[in-house]
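Coordinate inspection notes
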Amino acid sequence: MSQKVLLNSKEVTIILHRLACQLIEKHLDFSDTILIGIQPRGVFLAERLKQLLENEYKTPEISLGYLDITFFRDDFRRTEKPLEANKTQINFIVENKKVIFIDDVLFTGRSIRSALTAVQSFGRPSEIELLVLIDRRFSRHLPIQPDYRGRQVDAINGEKVIVSWKENDGEDVVHLVTN
Ligand SMILES: O=P(O)(O)OC[C@H]1O[C@H](OP(=O)(O)OP(=O)(O)O)[C@H](O)[C@@H]1O
Ligand SMILES: O=c1cc[nH]c(=O)[nH]1
């Protein structure tokens, strides 16, 4: 196995600031907007962006929820080992709100397809956008694209992009791992 650094900590920080500014450009004071981190790894990115927006860019407090998609995946019945769900926590009204899904990597698009189904239980948002740190190009199985992306990456089958976060993994870094 070999691994190459795609983004180091400084680059991740710069990208997070850019994404925060792009969100402000569109959503201004976030009064009608809520962030939803896709469990498990989208939550780290969503929490970072919320902190950055509120602490550095002085937005009002932004609503943030977590959405688990485990049992909404189209392949969940194919898995042999028992599945473990993560927490879904959406403590506010989604009806007529602008929702921004946040995830670390966009690959086939199947996770986001599942999230689109899962969020329906919480109401009908006025719109849903997608923000990802890494957009793997030429890999989609579904017509799903990000509205905000940190970095577009070309990776081939057999390679995997791994996003690590300081609070969970000790360092902010994005690797391309080859088996
Ligand atoms: O566009 P897709 O093909 O759905 O891939 C994107 C998903 O892949 C990763 O999760 P993964 O499926 O590896 O699950 P995990 O984070 O629970 O390990 C990542 O965190 C995204 O949610
Ligand atoms: O490269 C990939 C593909 C899917 N999910 C990831 O986290 N990385």
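Quick look at the structure, then. Here the structure is a predicted model, which means the values were calculated and not measured.

**Points about the side chain of H27**
Structurally, H27 is set in helix 1 (residues 9-27). A distance of 3.4 Å separates polar atoms of two side chains, one belonging to H27 and the other to Y148. Setting aside its immediate chain neighbours within four residues, H27 contacts T33, K98, I100, E127, E129 and Y148.

**Structural notes on the sheet that holds strand 2 (residues 33-38)**
Backbone-to-backbone hydrogen bonds pair the strands of a sheet. The strands run either parallel or antiparallel. The five strands are arranged 3-2-4-5-6 in an open sheet whose pairing can be described as parallel. The sheet is open, and its two edges are formed by strand 3 (63-67) and strand 6 (148-153), each paired on a single side. The mean angle between the axes of side-by-side strands here comes to 25 degrees, regardless of whether they run parallel or antiparallel. Of the pairings in the sheet, the one linking strand 2 to strand 3 comprises five bridges and is parallel in character. The partner of I38 across the bridge, within strand 3, is L67. Against the sheet, helix 1 makes contact with strand 2, strand 4 (98-106), strand 5 (127-136) and strand 6, and its axis sits at roughly 140 degrees relative to strand 6, the strand it touches most. Against the sheet, helix 2 (residues 42-56) engages strand 2, strand 3, strand 4 and strand 5, with an angle of about 125 degrees to strand 4.

**A short note on the site of ligand 2**
Around ligand 2, the surrounding shell consists of V105, F107, R136, K160 and V161. R136 places a polar side-chain atom, nitrogen or oxygen, 2.6 Å from an oxygen atom of ligand 2. Separating an oxygen atom of ligand 2 from a backbone N or O atom of V161 is a distance of 2.8 Å. Across the complex, the protein chains shield 77% of the 240 Å² of accessible surface that ligand 2 would expose by itself. Of the residues that constitute the shell around ligand 2, the class distribution is three nonpolar, no polar and two charged.

**Brief notes about helix 2**
Here helix 2 is 15 residues long and its end C-alpha atoms lie 21 Å apart, about the 21 Å a rise of 1.5 Å per residue gives. For helix 2, the buried fraction is high: eleven of the 15 residues fall into the buried class. The complete set of buried residues in helix 2 reads G42, V43, F44, L45, A46, R48, L49, K50, L52, L53 and E54. Where helix 2 is buried, its residues touch helix 1, strand 2, strand 3, strand 4, strand 5 and helix 4 (166-169). Of the residues flanking the end of helix 2, it is K58, one or two places downstream, whose phi is positive at about 55 degrees.

Reading the values: rules and limits
Residues numbered from 1 in each chain as written. Chains lettered and ligands numbered in written order. Predicted model: local features only at pLDDT ≥ 70, side-chain atom pairs only at ≥ 80, totals over all residues. Heavy atoms only, no water. Helix = DSSP H or I, 4+ residues; strand = E, 2+ residues; numbered from the N terminus. Polar contact = N/O pair within 3.5 Å; in protein donor to acceptor, adjacent residues only side chain to side chain. Contact = heavy atoms within 4.5 Å. Pairing = 2+ DSSP bridges. Axes fitted to C-alpha atoms, helices over the stretch in contact; angles between N-to-C directions. Near = heavy atom within 4 Å. Areas by Shrake-Rupley, 256 points an atom, 1.4 Å probe, with all protein chains shown as cover. Nonpolar A, V, L, I, M, F, W, Y, C, P; charged D, E, K, R; others polar. Expected span 1.5 Å × (residues − 1). Buried < 20%, exposed > 50% of the residue type's maximum accessible area, 1.4 Å probe, protein only.

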